[in-house]
Amino acid sequence: GLTPETAGAQSEHWCGVLQEVRVKSRSLADYVEQVADFCNNKLWGDLSCAVFVDPKTQKRSKAEVDYLIRSLKYGGIAVNLPTHIAFAIPTLTWGGYPGHTIYDIQSGNACVHNTSCLLDTQKSVIYGPWKAPIYPVWNYDNINLENTAKGLVKFFAYPNIANMAALAMQAMFGTP
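Read on for a plain summary of the structure. (Residues numbered from 1 in each chain as written. Predicted model: local features only at pLDDT ≥ 70, side-chain atom pairs only at ≥ 80, totals over all residues. Heavy atoms only, no water.)

## Overview of the overall build of the protein chain
Logical step 1: Along the backbone of the protein chain there are six helices and five strands.
Logical step 2: From first element to last, N terminus to C terminus, the protein chain shows the α and β order α-β-α-α-β-α-β-β-β-α-α.
Logical step 3: By principal-axis analysis of the C-alpha atoms, the protein chain measures approximately 50 × 40 × 30 Å.
Logical step 4: Taking all 176 residues of the protein chain together, 33% fall into the buried category.
Logical step 5: Taking the contacts inside the protein chain whose residues are at least 6 apart along the sequence as the reference set, 64% of them involve residues at least 24 apart.
Logical step 6: For the protein chain, the exposed surface amounts to about 11600 Å²; the carbon and sulfur share of it is 61%.
Logical step 7: Of the charged side chains in the protein chain, 14 are positive and 14 negative; the average position of the first set lies 8 Å away from that of the second. (Helix = DSSP H or I, 4+ residues; strand = E, 2+ residues; numbered from the N terminus. Buried < 20%, exposed > 50% of the residue type's maximum accessible area, 1.4 Å probe, protein only. Contact = heavy atoms within 4.5 Å. Areas by Shrake-Rupley, 256 points an atom, 1.4 Å probe, with all protein chains shown as cover. Lys, Arg positive; Asp, Glu negative; His and termini not counted. Charge placed at Lys NZ, Arg CZ, Asp CG, Glu CD.)

## Structural notes on the sheet that holds strand β1 (residues 48-51)
The pairing of strands in a sheet comes from backbone hydrogen bonds and takes either a parallel or an antiparallel form.
Logical step 1: Strand order in the open sheet formed by three strands is β1-β2-β5, and the pairing between neighbours is parallel. The sheet is open, and its two edges are formed by β1 and β5 (124-127), each paired on a single side. Each strand axis lies, on average, 15° off the axis of its neighbour in the sheet, ignoring direction.
Logical step 2: In terms of strand pairing, strand β2 (residues 76-79) meets β5 through four bridges, oriented parallel. Across the sheet, Gly76 pairs through a bridge with Ser124, a residue of β5. (Pairing = 2+ DSSP bridges. Axes fitted to C-alpha atoms, helices over the stretch in contact; angles between N-to-C directions.)

## Regarding the packing of aromatic side chains
Logical step 1: Here the structure, examined in full by the defined rule, presents two aromatic pairs.
Logical step 2: Aromatic pair Phe87 and Trp94: ring centres 5.3 Å apart, planes at 75°, arrangement edge-to-face.
Logical step 3: Consider the rings of Phe155 and Phe156, whose centres lie 6.1 Å apart with planes at 45°: the pair is tilted.
Logical step 4: The exposure class of Phe156 is partly exposed, given its relative accessible area of 31%. (Phe/Tyr/Trp six-rings, centres within 6.5 Å; stacked < 30°, edge-to-face > 60°.)

## Description of the packing of helix α5 (residues 145-157) against helix α6 (residues 161-172)
Two quantities define a packed helix pair, namely the angle between the axes and the distance from one axis to the other.
Logical step 1: Packing of α5 against α6 leaves a shortest axis separation of 9 Å and a crossing angle of 165°. Considered as vectors, α5 and α6 are oriented roughly antiparallel to each other. In terms of crossing hand, the pair formed by α5 and α6 is left-handed. Seen from α5, the contacting residues are Asn147, Thr148, Gly151, Leu152, Lys154 and Phe155; seen from α6, they are Asn163, Met164, Leu167, Gln170 and Ala171.
Logical step 2: In terms of residue class, the contact of α5 with α6 is made up of five nonpolar, five polar and one charged. (Parallel < 35°, antiparallel > 145°, perpendicular 65-115°, else oblique. Left-handed = near helix turned anticlockwise from the far one by under 90°. Nonpolar A, V, L, I, M, F, W, Y, C, P; charged D, E, K, R; others polar.)

## A word on the pairing of β2
Logical step 1: Side chains Gly76 and Ala78 project from β2 onto one buried face, and the interleaved Ile77 and Val79 project onto a second face that is buried too.
Logical step 2: As paired strands, β1 and β2 are joined by four bridges and run parallel to one another. What sits directly across from Cys49, in β2, is Ile77.

## A look at the nonpolar core
Logical step 1: Grouped together as the largest cluster of nonpolar side chains are 17 residues, with contacts concentrated most on Cys39, Val51, Leu68, Ile69, Leu72, Tyr74 and Ile77.
Logical step 2: Those elements that place two or more of their residues in this core are α1 (28-41), β1, α3 (62-71) and β2.
Logical step 3: Broken down by element, the residue count for this core peaks at five residues, all from α1.
Logical step 4: What Leu72 contacts, discounting residues up to four positions off in sequence, is Ala36, Cys39, Asn40, Cys49, Val51, Ile77, Tyr97 and Lys123.
Logical step 5: Membership of the second largest hydrophobic core comes to eight residues, among which are Ala78, Ile85, Ala86 and Leu92. (Core = buried A, V, L, I, M, F, W, Y, C linked by side-chain atoms within 4.5 Å.)

Quick look at the structure:
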């Protein structure tokens, strides 16, 4: 793995990038603090991030996981989900973490979506299961993606139990 000094962290990537960065630490609390510092102060851009934590660690180390989520300065945080899921839910905010000026714009200084019209939002956090209960709609090989996408749009436009059930049925048929 890369070190925090050798990771490609000085430009915002507009595509999927995976870098394994090793963070040396003395304890889980120290690790979480160093990870938050690295993400907030060394990685350029603060639109969104994904945090993957298995259920045992979430339960056993709840305080540390909660500290990490609170400490991360990103406009959207997806736990055990890809970040585009946070973008796809219109009630969540989507935008860079607040506080940038035009001289250090990073990922922006405003947010979109927020259909609940909440004021002074800092970030949106969405949690998902460690293992999806159905075949993930966003997988590249989903064979029913077009119908599932139509169901998703209908559910977002008219959120009710019937449209949710129809969406779930379409999603279940996507397994290759």
